[in-house]
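Each chain, written out:
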Amino acid sequence: MDLQFSKSVCQCLRKATCQAVNQEQTQEIRLPDTMPDIGRVLGSWGQIIVRGKEWRGNGMSVNGGVMVWVLYAPEDGSAVQSIEGWIPLQLKWDFPQTQRDGAICVSPLLKALDARSVSARKIMVRASVSALGEALEPMEQDIYTPAEVPKDVQLLRRKYPMELPMEAGEMSFQMEEELTVPASAPRIHKLVRCNLLPMIAEQKVLAGRLVFRGNAQLQIVYLDPDGNLCTNLWDLPFSQFTELDRDYSVHAMADILPIVTGMETEVLEDGKHICKLGLSMQYTVYDRHIMDIVCDGYSTQRQLLMEKEQLRLPVRLDRHMEDLQLRQQWPVQGQKIEDVVWYAEQPHSSQEDGRLRWQIPGQFQVLYRDDSGQLQGASVRGEMTAAMENDPSNRVDTWLSFPTGAEGVFMADGGQLTANGTLACDVFGEEGLTMVTALQLGEQIPADPNRPSLILRRSGDNELWEIAKECGSTVEAIWKANALTSEPEADTMLLIPVI
């Protein structure tokens with residue numbers, strides 16, 4: 001005789017892949033006829049733009065490129081010059097064939113950017129990009145629940161609160177801003193670099209809607225009409241919402257990862273700066289579910305044949321945010337550090353002694369004036385570190401962001417460079433839960449007339465369920481016989497009524 005189980009379906013998302021890919025690309029930039037010949041290259045900077053994504057069933061791709069700016073000192077000794085370029089990129093990930101299309105989330109980092117002159121009229125620029133890509137595909141997990149249960153059948157039912165990824169998507173929007181330099185600052189003549197850093201300040205899932213607000217931090221370094229370097233920073237607030245596929249509980253929350261999808265800049269004759277910006281908010285919605293499953297069973301009167309399987313769901317156990325800071329000594333003397341940018345690689349992790357450790361190598365791109373006042377460029381290597389307690393059976397996915405810019409100053413003993421960032425760590429449980437999916441009831445077993453009706457036993461480290469199952473009793477009967485209100489402590493003597 002089979003015990004009937006009803007079946008429900010838990011729908012959520014699982015990761016087909018979550019890994020970093022690296023690409024190095026070079027591009028040649030030719031000077032227009034109106035610009036003087038190259039004497040020496042002083043520095044290069046870039047902004048990653050993501051233009052499109054494609055899900056291919058057995059993989060995915062992301063295309064875009066790096067907007068680059070190169071600063072050089074002309075051969076004729078005239079004022080420094082800046083020139084722009086574009087390096088196209090296409091990044092690819094392979095993963096096992098999926099049944100349905102899913103969502104793509106990508107976090108690109110510019111690891112390094114360097115430029116050199118190959119002739120008086122040509123500059124070769126090399127960009128090294130690392131992108132952490134995540135593919136989230138829909139999945140369905142059957143959950144089995146017994147219907148009518150005979151009185152002699154004991155089932156171990158447990159409820160597990162689980163935070164599961166339920167929905168992923170992307171919300172894009174445009175911003176057009178007319179930026180005016182403060183009256184006390186020189187007006188913009190030509191851009192040296194332009195970097196956009198979008199940050200989320202607050203988000204909330206309200207039933208079937210995701211609302212969020214944040215700030216796009218736009219930093220520009222430019223040349224004024226006299227060829228001097230200047231810096232300005234604007235905070236551009238935004239507030240948006242998007243409709244979700246379904247309504248969620250009050251426990252729902254979303255992780256939002258912003259990326260830049262477009263940036264057009266134009267400097268007008270009056271010194272005003274027109275920016276057309278494209279932003280995309282990649283989001284994953286998590287909601288709490290209570291999973292009620294049967295883990296084990298037995299009968300005091302007959303044999304049971306059980307079928308079990310491992311219930312494996314992408315349960316997020318924790319989200320940990322780690323603040324990062326790097327202070328790097330630089331054994332160089334000079335008059336002034338004009339500009340500093342920090343380019344980082346994706347984190348490298350290692351597990352040791354119950355702790356997960358990360359190393360985040362990278363480089364400072366420094367523009368400075370030496371002791372003679374000459375403008376110079378340099379790259380300085382450095383490494384950030386972080387650590388957290390972690391069970392090695394868990395999987396930890398990490399995302400890296402830099403909410404504040406890098407800084408630099410000359411001290412008595414040389415330069416000091418500083419960079420700050422944030423490491424977001426999602427901890428997922430990898431071990432499955434045992435779930436009974438079918439139960440067959442055997443024939444009644446005649447009671448043994450010599451079997452005692454009461455047993456005195458030391459509990460040891462076993463839970464009451466194991467004791468009751470082994471002795472032919474029930475958890476309820478042991479609770480009543482010993483007036484228990486919770487699981488007994490180890491080595492407690494118990495009366496075990498035999499059913």
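Residues numbered from 1 in each chain as written. Predicted model: local features only at pLDDT ≥ 70, side-chain atom pairs only at ≥ 80, totals over all residues. Heavy atoms only, no water.

**A few points about the overall build of the chain**
Then, in step 1: Summing up its helical and strand segments, the chain has two helices and 25 strands in all.
Then, in step 2: For 499 residues, the compact-globule formula gives about 23 Å, and the C-alpha radius of gyration of the chain, at 31 Å, lies well above that figure.
Then, in step 3: By its C-alpha atoms, the chain is 110 × 45 × 40 Å across when sized along the principal axes.
Then, in step 4: Looking at the chain residue by residue over its 499 residues, the buried ones come to 50%.
Then, in step 5: Relative to all contacts within the chain whose residues are 6 or more apart in sequence, the contacts with residues 24 or more apart total 77%.
Then, in step 6: On the chain, roughly 24,500 Å² of surface is accessible, and the fraction owed to carbon and sulfur atoms is 45%.
Then, in step 7: Taken together, the 46 basic and 70 acidic charged side chains of the chain have centroids lying 1 Å from each other. (Helix = DSSP H or I, 4+ residues; strand = E, 2+ residues; numbered from the N terminus. Rg over C-alpha atoms; globule rule 2.2 N^0.38 Å. Buried < 20%, exposed > 50% of the residue type's maximum accessible area, 1.4 Å probe, protein only. Contact = heavy atoms within 4.5 Å. Areas by Shrake-Rupley, 256 points an atom, 1.4 Å probe, with all protein chains shown as cover. Lys, Arg positive; Asp, Glu negative; His and termini not counted. Charge placed at Lys NZ, Arg CZ, Asp CG, Glu CD.)

**Things to note about the pairing of strand β23 (residues 433-444)**
Then, in step 1: Across two bridges, the pairing between strand β1 (residues 2-3) and β23 is antiparallel. Looking at β23, one finds that L3 is bridged to L439.
Then, in step 2: As judged from the nine bridges shared by strand β14 (residues 302-311) and β23, these two strands associate in the antiparallel manner. Its bridge partner being in β23, Q310 is matched across the sheet by T434. (Pairing = 2+ DSSP bridges.)

**Things to note about the packing of aromatic side chains**
Then, in step 1: The full count for this structure, using the stated rule, is seven aromatic pairs.
Then, in step 2: Their ring planes at 55° and their centres at 5.3 Å tell us that W55 and F95 sit as a pair that is tilted. Within this pair, whereas W55 is found in strand β3 (residues 38-55), its partner F95 is found in the loop between β5 (81-94) and β6 (103-119), the two being separated by 40 residues in sequence.
Then, in step 3: Given the relative accessible area of 12%, W55 is considered buried.
Then, in step 4: With centroids separated by 5.4 Å and ring planes inclined at 50°, the aromatic side chains of F173 and F238 adopt a geometry described as tilted. Here F173 is found in strand β8 (residues 153-179), whereas its partner F238 is found in strand β11 (residues 229-243), with 65 residues between them in sequence.
Then, in step 5: According to the relative accessible area criterion, F238 is buried, its value standing at 7%.
Then, in step 6: Through a chain of ring-to-ring contacts, the aromatic side chains of W330, Y368 and F410 assemble into a single cluster.
Then, in step 7: We note R51 situated over the ring of W86; from NZ or CZ to the ring centre the distance is 4.2 Å.
Then, in step 8: The ring of F241 has R209 lying over it, and the distance from NZ or CZ to the ring centre is 4.1 Å. (Phe/Tyr/Trp six-rings, centres within 6.5 Å; stacked < 30°, edge-to-face > 60°. Lys NZ or Arg CZ within 6 Å of the ring centre and 35° of its normal.)

**Examining unusual backbone geometry**
Then, in step 1: With a phi close to 55°, D353 is a non-glycine residue in the positive phi region.
Then, in step 2: Relative to the helices and strands, D353 resides in the loop between β17 (348-352) and β18 (355-369).

**Some words on the sheet that holds strand β7 (residues 122-146)**
Then, in step 1: Taken in spatial order, the three strands of this open sheet run β2-β7-β6, and their pairing is antiparallel. Lying at the two open borders of the sheet, with one neighbouring strand each, are β2 (5-30) and β6. Adjacent strand axes in the sheet meet at a mean angle of 5°, parallel and antiparallel pairs treated alike.
Then, in step 2: By the bridge criterion, 25 bridges tie β2 to β7 in an arrangement that is antiparallel. Residue T26 lies in a different strand from β7, and its bridge partner there is R126. (Axes fitted to C-alpha atoms, helices over the stretch in contact; angles between N-to-C directions.)

**Looking at the sheet that holds β1**
Then, in step 1: The antiparallel open sheet is built from three strands, whose spatial order is β1-β23-β14. For this open sheet the edge positions go to β1 and β14, each flanked by a neighbour on one side alone.

**Topic: the nonpolar core**
Then, in step 1: In this structure, L164, L218, M263, L279 and L313 are the most contacted members of the largest nonpolar core, which totals 71 residues.
Then, in step 2: With residues near it in sequence (within four places) discarded, L164 still touches C10, C12, V285, Y286, D287, H289, M291, L313, P314 and V315.
Then, in step 3: Counting 32 residues, the second-largest nonpolar core is a separate cluster that includes I38, W45, V66 and A73. (Core = buried A, V, L, I, M, F, W, Y, C linked by side-chain atoms within 4.5 Å.)

**A short note on the pattern of salt bridges**
Then, in step 1: Taken as a whole, this structure holds 28 salt bridges when the rule is applied.
Then, in step 2: One salt bridge in this structure joins R126 and D114, with 2.8 Å as the shortest N-O distance. In this pair, R126 sits in strand β7 while D114 sits in strand β6, placing the two residues 12 residues apart along the sequence.
Then, in step 3: According to the relative accessible area criterion, R126 is partly exposed, its value standing at 37%.
Then, in step 4: Take D114: its relative accessible area is 29%, and that puts it in the partly exposed class.
Then, in step 5: For the salt bridge of E243 with R209, the shortest nitrogen-to-oxygen distance reads 2.7 Å. Taken together, the residues span a long stretch of sequence, with E243 in strand β11 and R209 in strand β10 (residues 209-223) at a distance of 34 residues.
Then, in step 6: Exposure remark for E243: the relative accessible area of 47% places this residue in the partly exposed category.
Then, in step 7: The partly exposed category is assigned to R209, whose relative accessible area is 33%.
Then, in step 8: Linked through salt bridges whose partners overlap, the residues forming this network are E163, D255, R316, R319 and D426. (Salt bridge = Lys/Arg side-chain N within 4 Å of Asp/Glu carboxyl O.)

**Quick word on the environment of M321**
Then, in step 1: Note that M321 resides in strand β15 (residues 316-330).
Then, in step 2: Measuring from C-alpha to C-alpha, the distance between M321 and D426 comes to 8.9 Å, with 105 residues separating the pair along the chain.
Then, in step 3: Setting aside residues no more than four positions away along its own chain, M321 makes contact with T422, L423 and A424.

**Details of the confidence of the model for the chain**
Regions with low pLDDT carry predicted coordinates that are not meant to be interpreted in detail.
Then, in step 1: On average, residues of the chain carry a pLDDT of 92, and 99% of them reach 70 or more.
Then, in step 2: Across the chain, the element-wise mean pLDDT spans from 79 in strand β24 (residues 454-458) up to 97 in strand β4 (residues 59-74). (pLDDT = per-residue confidence, 0-100.)

**A closer look at the packing of helix α1 (residues 464-471) against helix α2 (residues 475-482)**
Then, in step 1: Between α1 and α2, the shortest axis-to-axis distance is 9 Å and the interhelical angle comes to 105°. Here α1 lies roughly perpendicular to α2, going by the angle between them. Contacts between α1 and α2 involve L464, W465, I467 and A468 from the first element and V475, I478 and W479 from the second.
Then, in step 2: Each residue belonging to the contact of α1 with α2 can be placed in one class, and the counts come to seven nonpolar, no polar and no charged. (Parallel < 35°, antiparallel > 145°, perpendicular 65-115°, else oblique. Nonpolar A, V, L, I, M, F, W, Y, C, P; charged D, E, K, R; others polar.)

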